[in-house]
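The residues making up each chain are set out below.
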Amino acid sequence: MLIRTEIGVDAAGIDSLLRRCFPTGAEADLVQRLREDGQLTLGVVATDEEGQVLGYAAFSPVTLQGEDRNWVGLAPLAVDESVRRQGIGKQLLFEGLDTLNEFGYAAVVVLGDPAWFGRYGFEPAARHQLHCAWPGTEAAFQVYKLADDAFVDVSGEVAYSTHFTLNDR
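Quick caveat: nothing in here was measured; it's all calculated off a predicted structure.

Moving on: the nonpolar core. Counting 32 residues, the largest nonpolar core has Tyr56, Trp71, Val109, Leu130, Phe151 and Val158 as the members making the most contacts within it. Mapped by element, the contributors of at least two residues to this core are helix H1 (11-21), helix H2 (26-36), strand E3 (53-64), strand E4 (67-79), strand E5 (107-111), strand E7 (130-132), strand E8 (141-145) and strand E9 (156-160). If you tally residues by element for this core, the top one is E3, at 5 residues. Setting aside its immediate chain neighbours within four residues, valine 158 contacts Val62, Thr63, Leu64, Trp71, Val109, Leu130, His131, Cys132, Ala133 and Phe141.

Here's what the structure looks like:
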């Protein structure tokens, strides 16, 4: 398994993976829109020896109270069912976090399983007086600090790209 930053030829494989992993095409369509609009900060793929995409993690810009804080959101994260429970999701996550840290990003937010993400250093966003716009997501909304001062003097609503709220999602 090779974990690396996505390249142009991966787009079709990523689309296929996301359509297999989620009940609708919403996540695949989301990634395509983010990519087309230059809103995909980072995409990380897991490929087999033949180059088939078996895992993917996408990171895109978020704002805090409407301001750019050099933070990104993780979504979606997907691993093909045939290779789940082999640590690929963890590898995708850490490759993404390492790359974002090298690029100077300050924090990552995610809406996801607190037990899974908590194992890897994510913590409830509410601890830092942060929340997202979607009601009922308090337990799932989490943050990961890349820069020491990421959560100094911050509070309020973290907003994902408008692509996340389009009607067809």
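From this point, the narrative continues.
With that settled, the discussion passes to unusual backbone geometry. The omega torsion across alanine 75 and proline 76 is -10°, close enough to zero to call that bond cis. Structurally, proline 76 can be placed in strand E4. Even without being a glycine, asparagine 70 presents a positive backbone phi close to 65°. Examined against the element boundaries, asparagine 70 turns out to sit in strand E4. Look at asparagine 70 and you get partly exposed, because its relative accessible area is 33%. Positioned with a positive phi, glutamine 129 is a non-glycine residue whose angle comes to about 60°. Take glutamine 129: it is sitting in the loop between strand E6 (123-124) and E7. Given a relative accessible area of 52%, glutamine 129 falls into the exposed group.

A few words now on the pairing of E8. On a regular strand, one side chain projects to one face of the sheet and the next to the other, so that they alternate. Of all 5 residues in E8, 4 are buried; the element is thus mostly enclosed. Relative to E8, E5 runs antiparallel, the two sharing 5 bridges. The residue of E8 that forms the bridge with valine 109 is valine 143. Taken together, the 2 bridges between E6 and E8 define a ladder with antiparallel strand orientation. When the sheet's bridge partners are listed, proline 124 is paired in E8 with glutamine 142.

This next bit is on helix H3 (residues 88-102). Between its terminal C-alpha atoms H3 stretches 21 Å, which fits the 21 Å expected from 15 residues at 1.5 Å a residue. Taken as a whole, H3 has its buried residues at Ile88, Gly89, Leu92, Leu93, Gly96, Leu97, Thr99 and Leu100. Count one or two residues on from H3 and you reach glycine 104, which has phi positive near 90°.

The rules behind these values
Residues numbered from 1 in each chain as written. Predicted model: local features only at pLDDT ≥ 70, side-chain atom pairs only at ≥ 80, totals over all residues. Heavy atoms only, no water. Core = buried A, V, L, I, M, F, W, Y, C linked by side-chain atoms within 4.5 Å. Buried < 20%, exposed > 50% of the residue type's maximum accessible area, 1.4 Å probe, protein only. Helix = DSSP H or I, 4+ residues; strand = E, 2+ residues; numbered from the N terminus. Contact = heavy atoms within 4.5 Å. Pairing = 2+ DSSP bridges. Expected span 1.5 Å × (residues − 1).

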